[in-house]
Amino acid sequence: MSNGPVQAVEERDVALPGAPLLEVDGLVVHYRVRGSGKFFRSHETVHAVDGVSLSIASRETLGLVGESGCGKSTTGRTVLYLERPTAGMIRFRGQDLSKLGASDLKALRRHMQIVFQDPIGALNPRHTVGQLIGEPLKIHHLVPRGQRRQRVQELLELVGLPADAVSRFPHEFSGGQCQRIAIARSLAVEPSLIVLDEPVSALDVSIQAQILQLLTALQDRLGLSYLFIAHDLAVVGEMSDRVAVMYLGKVVELADRDSLYARPYHPYTQALFSAVPIPDPRLSRAKRRIVVAGEVPSSLAPPSGCRFRTRCPMAQELCGTEEPPLQAVADGHLVACHFAEEAVLRDPFGTPVTALVSEMGRSA
Amino acid sequence: MSDEPRGGAGSVPAVVQGPALLEVRDLQVSFKLERSTIYAVQGLSLGVRAGERVGVVGESGSGKSVSALSVMRMVPSPGRITGGEIVFEGRDLLRVSQGAMRAVRGSQIGLIPQNPLTSLNPVITIESHFHEVLSLHLGLNKHQASERAVDLLRSVGIPDPAKRVHEYPHRLSGGQRQRVIIALAIACEPRLLIADEPTTALDVTIQAQILELIDGLVERLDLGAILITHNLGIVAGHCDRVVVMYAGRVMEAATVLDLFDRPSHPYTVGLLRCVPRLTATRERVFAAIPGLPPQVTKLTKGCPFAPRCERATDQCRTETPPLEEIAPAHWTACWNPVESAEKIAS
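As the structure is a computational prediction, the values presented were derived from the model and not from experiment.

Asks: I'd like a description of the overall build of chain B, backed by residues and values.
Replies: Of regular secondary structure, chain B possesses eleven helices and twelve strands. Computed over C-alpha atoms, the radius of gyration of chain B comes to 21 Å, within 12% of the 20 Å expected from 2.2 N^0.38 for 346 residues, which places it in the range of a compact globule. The burial tally for chain B puts 48% of its 346 residues in the buried class.

Asks: Explain the domain arrangement of chain B to me, and be specific about the residues and the numbers.
Replies: Residues and elements named next belong to chain B. In terms of domain boundaries, chain B breaks down into domain 1 (20-39 + 47-239) and domain 2 (249-342). Taking only C-alpha atoms, the centre of domain 1 and the centre of domain 2 are 28 Å apart. Of the residues lining the interface, eleven residues belong to domain 1; the matching set on domain 2 comes to nine residues. Those elements giving two or more residues to the side of domain 1 that touches domain 2 turn out to be strand E2 (37-49) and helix H8 (232-238). Per element, the largest residue contribution to the side of domain 1 that touches domain 2 is four residues, and it comes from H8. Split into classes, the residues belonging to the side of domain 1 that touches domain 2 amount to six nonpolar, four polar and one charged.

Asks: Could you give an account of the packing of helix H5 (residues 129-139) of chain A against helix H6 (residues 145-158) of chain A, naming the residues involved and the relevant values?
Replies: Residues and elements named next belong to chain A. The N-to-C vectors of H5 and H6 enclose an angle of 110°; their axes lie 10 Å apart at closest approach. On the basis of the axis angle, H5 is roughly perpendicular to H6. H6 is crossed by H5, and the crossing has right-handed handedness. Contact residues: Gly130, Ile133, Gly134 and Leu137 in H5; Arg148, Arg149, Arg151, Val152 and Leu155 in H6. Here the contact of H5 with H6 is built from residues that sort into four nonpolar, two polar and three charged.

Asks: Mind laying out the interface of chain A and chain B, listing which residues take part and the relevant values?
Replies: Across the contact, 46 residues belong to chain A and 48 residues belong to chain B. When residues of the side of chain A that touches chain B are traced back to their parent elements, those giving at least two are helix H8 (205-222), helix H9 (233-239), helix H10 (257-262), helix H11 (267-275), helix H12 (281-286) and helix H15 (353-363) of chain A. With seven residues, H8(A) is the single largest residue contributor to the side of chain A that touches chain B. Of the residues contributing to the side of chain A that touches chain B, the split by class is 23 nonpolar, eleven polar and twelve charged.

Asks: Explain helix H7 (residues 175-187) of chain A residue by residue, including any values.
Replies: Each α-helix turn comprises 3.6 residues. Residues three or four places apart therefore point the same way. Residues and elements named next belong to chain A. The end-to-end C-alpha separation of H7 is 18 Å, in line with the 18 Å expected for 13 residues at 1.5 Å each. Burial analysis of H7 places twelve of its 13 residues in the buried class, which makes it a mostly covered element. Restricting attention to buried positions, one finds in H7 the residues Gly176, Gln177, Cys178, Gln179, Arg180, Ile181, Ala182, Ile183, Ala184, Arg185, Ser186 and Leu187.

Asks: Tell me about the sheet that holds strand E12 (residues 330-332) of chain B, and please be specific about residues and values.
Replies: Residues and elements named next belong to chain B. Within the open sheet, the eight strands sit side by side as E6-E7-E8-E3-E9-E10-E12-E11. Their pairing is mixed. Of all strands in the sheet, those bounded by a partner on one side alone are strand E6 (109-112) and strand E11 (324-327). Here the strands of the sheet are splayed against their neighbours by 20° on average, with no regard to which way each runs. In this sheet, strand E8 (residues 224-229) lies alongside strand E3 (residues 53-57) in parallel orientation, the contact comprising five bridges. Counterpart to Val54 in the pairing with E8 is Ile226. Set on the sheet, helix H6 (residues 174-185) makes contact with E6 and strand E7 (192-196); between it and E6 the angle comes to about 170°.

Asks: Give me the lowdown on the nonpolar core, citing residues and values where you can.
Replies: Proteins that are soluble and globular tend to have nonpolar side chains buried together. Counting residues in each nonpolar core, the largest one holds 205 residues, and the members touching the most others are Ile181(A), Ala184(A), Leu227(A), Phe228(A), Val245(A), Ile194(B) and Val242(B). The greatest single-element share of this core, amounting to nine residues, is contributed by helix H7 (residues 204-221) of chain B.

Asks: How would you sum up the sheet that holds strand E5 (residues 91-92) of chain B? Please name residues and give values.
Replies: Each strand in a sheet pairs with another by means of backbone hydrogen bonds, the pair being arranged parallel or else antiparallel. Residue and element names in this part refer to chain B. In space, the four strands of this open sheet follow the order E2-E1-E4-E5, with antiparallel pairing throughout. Only two strands of the sheet have a single partner each, and these edge strands are E2 and E5. Here eight bridges tie strand E1 (residues 20-32) to strand E4 (residues 79-88), and the two strands are oriented antiparallel to one another. Its bridge partner being in E4, Ser30 is matched across the sheet by Arg80. Where helix H1 (residues 64-71) meets the sheet, it contacts E1, E2 and E4, and its direction lies at approximately 115° from that of E1.

Asks: Outline the environment of Tyr267(B), listing residues and values.
Replies: Residue and element names in this part refer to chain B. Within the fold, Tyr267 resides in helix H10 (residues 266-274). As a C-alpha pair, Tyr267 and Val338 span 71 residues in sequence and 9.9 Å in three-dimensional space. Setting aside residues up to four positions removed in sequence, Tyr267 forms contacts with Val244, Tyr246, Met251 and Phe305.

Asks: Can you lay out helix H2 (residues 72-79) of chain A for me, pointing to particular residues and giving the numbers?
Replies: Residues and elements named next belong to chain A. Counted residue by residue, H2 has seven buried out of eight residues, so it is predominantly covered. Buried within H2 we find Lys72, Ser73, Thr74, Thr75, Gly76, Thr78 and Val79. Of the residues trailing H2, Tyr81 is marked for its positive phi of about 60°.

Cut-offs applied
- Residues numbered from 1 in each chain as written.
- Chains lettered and ligands numbered in written order.
- Predicted model: local features only at pLDDT ≥ 70, side-chain atom pairs only at ≥ 80, totals over all residues.
- Helix = DSSP H or I, 4+ residues; strand = E, 2+ residues; numbered from the N terminus.
- Rg over C-alpha atoms; globule rule 2.2 N^0.38 Å.
- Buried ≥ 20, exposed ≤ 12 C-beta atoms within 10 Å, placed from the backbone.
- Domains from an automatic or database assignment.
- Contact = placed C-beta atoms within 7 Å.
- Nonpolar A, V, L, I, M, F, W, Y, C, P; charged D, E, K, R; others polar.
- Axes fitted to C-alpha atoms, helices over the stretch in contact; angles between N-to-C directions.
- Parallel < 35°, antiparallel > 145°, perpendicular 65-115°, else oblique.
- Left-handed = near helix turned anticlockwise from the far one by under 90°.
- Expected span 1.5 Å × (residues − 1).
- Pairing = 2+ DSSP bridges.
- Core = buried A, V, L, I, M, F, W, Y, C linked by C-beta atoms within 7 Å.

Structural data, given as structure tokens:
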């Protein structure tokens, strides 16, 4: 394996001592859409992402959770510059992406890849698996033509697909296998960061676990960093070192995984935890569960101040007038809520399940 | 908003003893394609009582949705029900005429389909949807139907129903559309509600709201309900009994407590292990079931799960295990069921 990805890792780490692999600062993505009005077309703005700051260290997984429309996928795409940000800075390996020309950007993209939610839709149905995985090698001139087939075989082996898959087409594979192909394709260019946009939500549970196993094994082996985007708190919890919770284009809470799951501070995070169905009949019936009312407001006109205040049982006047900053409440635990300390005490949506689980474990 | 689960906090789910509403016996459904036949459901048996919520769990292709559609005799072509009985309130629905079946659908059995975004007609108002149902089944005139529509929308928690009723479906969010569909499903006071993955397209907080709504309706109207889902978390919290399907067959059927406490089929055990759980600390361990679910294009002898089962023996590969009652109200189709002692080691 002369061109094996294992080797590539070593040199990559040398190039980057200490500093985070990816830094996102004040990212804003707005879309202008046509509004209503018969004679004078007004314009409205979709506030997809509104001031998001994140960082991902080498070999780290940052989880990004939130409901549909919260801007998590847009954040993921913009981080790769597949989408131009309206404002804000994205720095990858110390380079500001907005300062790069097209060819430099293309060269840098080799190091950051994305895996999409719908594996079957993400693969060209008229290309063989060999062509699909070989394409990035060709585009980035990574492997001489004669060795390309061998490299594709190595990648297939890496993601646990049979070698004879090379000459077959995507439709011959199941959803889980297609996701493996998509992963192999993203690994072909030996990236250091992979954005995983809901990589398992289209798959059945038994297959989900297989893909998650593969992703963690690959991370350990190749030293990858992941931006793991998903709506499933349980899956994100098992995958991530740190987790950011998004609501209506903003990060409302960002913390180390264990800290967040043991004690979510933001009422929205608490509501999310409370809404997750628990696969345990006794626990799910014993839990004091309060379902958050209402729905996510439109991102065309997000509420003033704290964006969750329209659904928050603890909202006060201050929440409508002043936007809460993302502040540290504990070591490495940031929350954007004026009443974070109070929210933990009052616990408006019921005890987080994780606390119950550990409590039950103790009594058992 | 009532947030208490049925029976109050801390109680365990009780076994529902209401009168039998629906009895499905040995249902067979197959899809005849050009070159092959897919045996989607092979011998499904299932009973629902009034006031009982029966969960049907399985992965995609396990035949759970087809089973639900069979009860309504709505299996899409080229699928056909090739055998079995579906007895609903004493009548075998497979023997009644098309006309009589039309009277049952939507009026005595309500269906909540999977995708709320595509299940409403985009070119007619919410009100017109109700007119259609209420005039067909209950013979209400427009005025009466409109009044009833507003009441129904209010009962499913749509804010400002008198105004919303005049709107077109695209003006409502996904969660609200699902509420409208639920209101339509219960418009004619059905006895049985079939919900086919009612929350798959929705966000978790909205999912929790919708499930709570369905729970409330089942209790208030003493309905029987079949809840089709792939999510064992939903089953745990919102069902009384569960049927686990795999490759068109019932693998295990039990009360919710029995299934989670004493799963006996290796597939159930595997499925329970796979479910992602919220844990206090990260474990980064993922239990998976190796292999893939089969495409059932041949009627074979043997357990369909055998190729993925670590307990499989030669008998499993050659003889189909019958669905046997291993404990009261606990059925399993396995030659080597998991003993309670070796429970899920998770």
